[in-house]
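What follows is each chain in one-letter form.
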Amino acid sequence: MDYNKLADLLYPNVDKNIDYYLTKYPKRNLPTGAEVMRLGPSPTGYLHIGHLYSALISRIVTNKTGGVFYLRLEDTDQKRYIKGAGDVAYNMLCYYGVTPDEGYTGDGKPQIGDYGSYVQSQRLEIYNSFAKELVKNGKAFPCFCERSESKQDILDRREKELAESETITEHDEACRNLSIEQIEENLKNGKPWALKLRSTGDPNITHDFVDLIKGKRTIRENGKDIVLVKSDGIPPYALAHVVDDTLMGTTIVVRGEEWYPSVAAHLEIFKALNLKPPKYAHTPVISKIDNGNKRKLSKRKDPEADVRYYIEQGYPIDSVIEYVLNLLNSDFENWRAKNPHADISEFDFSIKKIGSNNPMFDFDKLNNISKTVISKYSAEKVYENLLNWAKVYNKEFAEVLENNKQKTIAMLSIDRGGDRPRKDIYAWSMVQELYNYIFEDNISYTIDDKYKSQNAKNFLAEYIKKYDISLNKEEWFAQIKQIALSHNFADNKDYKANPAAFAGSIADACNLVRLGVTGKTTTPDLCSIMQLLGETTVKARLQTTLEKLI
RNA sequence: GGUCCCAUGGUCAAGCGGUUAAGACAUCGCCCUUUCACGGCGGUAACAGGGGUUCGAUUCCCCUUGGGACUACCA
């Protein structure tokens, strides 16, 4: 077979050879040890938390080594393409502070960098050149088989075949050995074709392979004639990956573990083109428990897979980044404990320390981290972040916040600052309900039966009469205590020793007041809240409570 | 079905042949605070099972079991 003739037959209009591109995009001039890394999302929806996860790895490593982190849009599947998804990807990366140095920048803005285009659908000419090279070398052949199944078709067929025969038939490659005359004939008849790899690999032969996360592995050679260019003329991931990462000078490819099984195929393409493959780091996949089973976080089913979810909920950027970092390198939290105020960039991150288990997304942990992050903010900073969030996601509340700026900051100042700040907020969306007693006039709550005693009534009635907003914290305590004691409430220790003998403890008395004033059983310092609310409001609310006690 | 990956408490996880098997989150209790928290102290809770190798296995090997991924002209 005359492969040159075949190449010209298949690609009559491709005149540039791959050397043209190899010299057009020369090696980057970077310091020794600098890594070039990339994120290549396909614009088929929102940016997945897994993308943030691998982008963060790339951003940290390239920062550390003085390298380059770029964003490439892998839009080779027109069927799944969603307009604007690429813009979301770029904007989200920037929002989370994982800003690319180079590549696609979204929203019609010009791309940055000398290795573009960074949008795969704009690189078809380049792919064709590499495809033609492969044909010339006898490494690829056109396939005229009609087979375009949907995902569901494939699953159905597999299930059916498995049920019948316990094996799945591998499709034979009838087109592999077509004569040039047959090919010419097919072409003349306008039959659609895809370009396939003429695999020379033998799955019985294994090679050593080093993955930056998994370590040294043995992998089998690829034996499949995988598709290099689809019948629509666009290459699927495999060829695009090989071509782009070569031309763009990627040194480390960070990608999800789901790619690991196709490493052999990718390596075979590199070899067929006589190109040097990059280093690979296959990351674990973030999972969750669903009906008792562990599974990958799903774009469709799980709202928390979308990085915008955290923004909508009002998690600060730092919280999410710290949580992901914690997932990445488990010693991050030890470092954070020792360096509570240090910048994240000072953490000694290591790709090797990434675990190989698929971690489960843990909201408890995220919330805890977030509470700590927010507890370090000043009241003004909390207010500012809260307001910015509310302006987008809760306009009504934003108005309330703006009209009550001083009051809100005063509220947020309670128990804030100092060495042991309160940790009660993990996301901005919870604030309105958490502190509703300062934002709303009418608060609803139910009173526990233990407060419904004559003693409690008498206590509250007297307290309403005597409450004085000018009392400082000590005096305030002293007053509650004194009144409570006179109505058969007891010192906490005495009460504990003999609960049956008393109407309740001092703590109970305080909590009754707390409930009446705030409608909550847990709040920041009550004395401060009451001062903030003002004597009229406090007394009115307690009066309502008193009436409810009957 | 085939190929591959993974396996320490409820969750995230240290550990790399000899440990009372760290730590964090969650949970429970106590202390502090004459309130709520914060904080401090402590408790419950783990090496999936079976074979090897070894003086000795959580650690190395094999099998089983369990979970996951891939097996598309999707990425």
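Model, not experiment: these values are computed from the prediction.

Draft legend 1. Just the pairing of strand β6 (residues 206–211), in detail. Inspection of the sheet shows β6 paired to strand β7 (residues 215–220) by 6 bridges, in the antiparallel sense. Directly across from D211, in β7, lies its bridge partner G215.

Draft legend 2. Representation of helix α13 (residues 363–375). The terminal C-alpha atoms of α13, which comprises 13 residues, lie 18 Å apart, in line with the 18 Å expected from a rise of 1.5 Å per residue. Within α13 the residues assigned to the buried category are L366, N367, I369, S370, V373, I374 and S375. Close packing links the buried residues of α13 with α10 (307–313), α11 (317–328) and α14 (379–393). Sitting at the head of α13, D362 places a side-chain oxygen 3.0 Å from the backbone nitrogen of D364.

Draft legend 3. Seen up close, the sheet that holds strand β4 (residues 140–143). With antiparallel pairing, the 3 strands of this open sheet are ordered in space as β4-β5-β8. Every other strand in the sheet has two partners, leaving β4 and β8 (227–229) as the edge strands with one partner each. In this sheet, neighbouring strand axes are inclined to one another by 45 degrees on average, regardless of whether the strands run parallel or antiparallel. Both β4 and strand β5 (residues 194–197) contribute to a ladder of 4 bridges, which runs antiparallel. In the strand pairing of β5, F141 is matched with K196.

Draft legend 4. Representation of the domain arrangement of chain A in the model. You can read the domains of chain A as domain 1 (289–375), domain 2 (379–439) and domain 3 (449–549). Here the C-alpha centroids of domain 1 and domain 2 sit 23 Å apart. Taken together, the contact pairs 12 residues of domain 1 with 12 residues of domain 2. Summing the contributions of domain 1 and of domain 2, the shared interface buries around 1,100 Å²; its carbon and sulfur component is 58%. It is K371, I374 and S375 in domain 1 that bury the most area against domain 2; as a group they hold 46% of the surface buried on that side. Our count for the domain 1 to domain 2 interface comes out at 7 residue pairs in polar contact (both at pLDDT 80 or more). Sorting elements by how many residues they give to the side of domain 1 that touches domain 2 places α13 first, with 6 residues. Among the residues making up the side of domain 1 that touches domain 2, the classes are represented as 4 nonpolar, 6 polar and 2 charged.

Draft legend 5. Spatial organisation of α11. Over its 12 residues, α11 runs 16 Å from end to end, which matches the ideal 16 Å to within 8%, given 1.5 Å per residue. A large share of α11 lies buried, amounting to 10 of its 12 residues. Among the structural elements, α3 (49–65), α10, α12 (332–338) and α13 are those in contact with the buried residues of α11.

Draft legend 6. Main features of the protein's contact with RNA strand B. Taken together, 64 residues are adjacent to RNA strand B, and K230, N357, K481, D491 and T523 come closest. Sugar plus phosphate, as a fraction of atoms of RNA strand B within 4 Å of the protein: 66%. Within the backbone of D364, a nitrogen or oxygen atom sits 3.5 Å from a sugar or linking oxygen of RNA strand B. Here a base oxygen of RNA strand B sits 2.4 Å away from a polar atom, N or O, in the main chain of T523. For the surface near RNA strand B, the secondary structure elements donating two or more residues are α6 (151–165), β7, β12 (293–296), α12, α13, α20 (473–485), α21 (492–497) and α22 (506–518). When residues of the surface near RNA strand B are assigned to their parent elements, the largest contribution, 5 residues, is made by α22. Looking at the surface near RNA strand B residue by residue, the classes come out as 21 nonpolar, 15 polar and 28 charged.

Draft legend 7. Quick look at the environment of F144. Positionally, F144 belongs in the loop between β4 and α6. Separated by 48 residues in sequence, F144 and Y96 place their C-alpha atoms 46 Å apart.

Draft legend 8. Representation of the side chain of S199 in the model. In this fold, S199 is placed in the loop between β5 and β6. Setting aside residues up to four positions removed in sequence, S199 forms contacts with R176, N222, G223, K224, D225 and E268.

Draft legend 9. A look at unusual backbone geometry. Cis geometry marks the peptide bond from G116 to S117, where omega comes out at 5 degrees. The topology assignment puts S117 in the loop between β3 (102–103) and α5 (124–136). You will see that D107, though not glycine, has its phi angle at about 50 degrees, which is positive. Secondary-structure assignment places D107 in the loop between β3 and α5. Accessibility expressed as a relative area gives 46% for D107, which makes it partly exposed. Even without being glycine, N488 reaches a positive phi, approximately 70 degrees. Here N488 is to be found in the loop between α20 and β13 (489–490). Accessibility expressed as a relative area gives 31% for N488, which makes it partly exposed.

Draft legend 10. Structural view of the packing of aromatic side chains. Inspection of the entire model under this criterion finds 26 aromatic pairs. Members of the aromatic cluster, each reached through a chain of ring pairs, are Y309, Y310, Y315, Y323, F361, F363 and Y426. The lysine or arginine in question, K214, covers the ring of Y260, its NZ or CZ lying 4.9 Å from the ring centre.

Draft legend 11. Focus on the environment of K160. Relative to the assigned elements, K160 resides in helix α6. By relative accessible area, K160 is classed as exposed at 56%. Along the sequence, K160 and N91 sit 69 residues apart, while their C-alpha atoms lie 44 Å from each other.

Conventions adopted
Residues numbered from 1 in each chain as written. Chains lettered and ligands numbered in written order. Predicted model: local features only at pLDDT ≥ 70, side-chain atom pairs only at ≥ 80, totals over all residues. Heavy atoms only, no water. Pairing = 2+ DSSP bridges. Helix = DSSP H or I, 4+ residues; strand = E, 2+ residues; numbered from the N terminus. Expected span 1.5 Å × (residues − 1). Buried < 20%, exposed > 50% of the residue type's maximum accessible area, 1.4 Å probe, protein only. Contact = heavy atoms within 4.5 Å. Polar contact = N/O pair within 3.5 Å; in protein donor to acceptor, adjacent residues only side chain to side chain. Axes fitted to C-alpha atoms, helices over the stretch in contact; angles between N-to-C directions. Domains from an automatic or database assignment. Buried area = accessible area lost by both parts, 1.4 Å probe. Nonpolar A, V, L, I, M, F, W, Y, C, P; charged D, E, K, R; others polar. Near = heavy atom within 4 Å. Phe/Tyr/Trp six-rings, centres within 6.5 Å; stacked < 30°, edge-to-face > 60°. Lys NZ or Arg CZ within 6 Å of the ring centre and 35° of its normal.

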